[in-house]
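Listed below, chain by chain, are the residues.
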Amino acid sequence: MVRYTKEHKQETKQRIITTAGRRLKRNGIDGSGVATLMKDAGLTNGTFYAYFTSKDELVAKAVADQMRAQHENIVAQAAPGRAGLEQIVRWYFSTEQRDNIDDGCPNAALLDEIGRSTDSTRQAYTDGALVLIDGFAARLAPHDPPSAHLKALSLLGMMAGTLQLSRALTDRQLADELLEQGIRNALALLDAEQHN
């Protein structure tokens, strides 16, 4: 029997979580079985239980990982203040982000299923969403982020809903126009906050 190092085991577990996150965003939580998730990671179905106690555990970890990655790769990299929020908004409402579900926003891809998921998955999502919201709020009101917390939550909800609708439309022109309107709506919300 081959013995793997602790680092190898952790790398393998992370590979499962990362590939599961991409598959979950593409096919949904209910549409992604353990066998498919393990195949995506290049592992056998029997290996699953060496890393996770259940599919629910993997889903919770994949959701947490996707939310963390969105924060680290987008929100944390954005400029401070309103300029950073505008960067985030314009990235979020880009056609590339809309059309690349695998690498896109976990909010828009999974939100409806997360609401019906286990408490641990919903908690993983909530924890990740709060980190995103904190990043938005710090840019909305740098001297008093808690005052902008609810506005930041509303911004996240508006963004996810608009992106979901744009993805669902079969009329490409209308879907693109919706993204442009989403940018205008988000910037108007940001500008209203600056004038309050």
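As shown above, the structure is provided for reference.
All of the points below concern the structure found in this document. What you see is a predicted model; the values in this text were computed from it and never measured. (Residues numbered from 1 in each chain as written. Predicted model: local features only at pLDDT ≥ 70, side-chain atom pairs only at ≥ 80, totals over all residues. Heavy atoms only, no water.)

Observations concerning the overall build of the chain
A tally of helices and strands in the chain yields nine helices and zero strands. When the helices and strands of the chain are listed from N to C terminus, the series reads α-α-α-α-α-α-α-α-α. In terms of C-alpha radius of gyration, the chain reaches 18 Å, essentially the compact-globule figure of 16 Å for 196 residues. Out of the 196 residues in the chain, the part that is buried amounts to 42%. Pairs at least 24 residues apart make up 68% of the contacts formed inside the chain by residues separated by at least 6 positions. Here the chain displays about 10400 Å² of accessible surface, and carbon together with sulfur accounts for 53% of that area. (Helix = DSSP H or I, 4+ residues; strand = E, 2+ residues; numbered from the N terminus. Rg over C-alpha atoms; globule rule 2.2 N^0.38 Å. Buried < 20%, exposed > 50% of the residue type's maximum accessible area, 1.4 Å probe, protein only. Contact = heavy atoms within 4.5 Å. Areas by Shrake-Rupley, 256 points an atom, 1.4 Å probe, with all protein chains shown as cover.)

A short note on the packing of helix α3 (residues 55-75) against helix α6 (residues 106-114)
It is the contact of α3 with α6, at a shortest axis distance of 11 Å, that shows an interaxial angle of 150 degrees. Considering their axes alone, α3 and α6 lie roughly antiparallel with respect to each other. Remark: the crossing between α3 and α6 carries left-handed chirality. Of the residues in α6, those touching α3 at V63, Q66, M67 and Q70 are P106, N107, L110 and I114. Here the contact of α3 with α6 is built from residues that sort into five nonpolar, three polar and no charged. (Axes fitted to C-alpha atoms, helices over the stretch in contact; angles between N-to-C directions. Parallel < 35°, antiparallel > 145°, perpendicular 65-115°, else oblique. Left-handed = near helix turned anticlockwise from the far one by under 90°. Nonpolar A, V, L, I, M, F, W, Y, C, P; charged D, E, K, R; others polar.)

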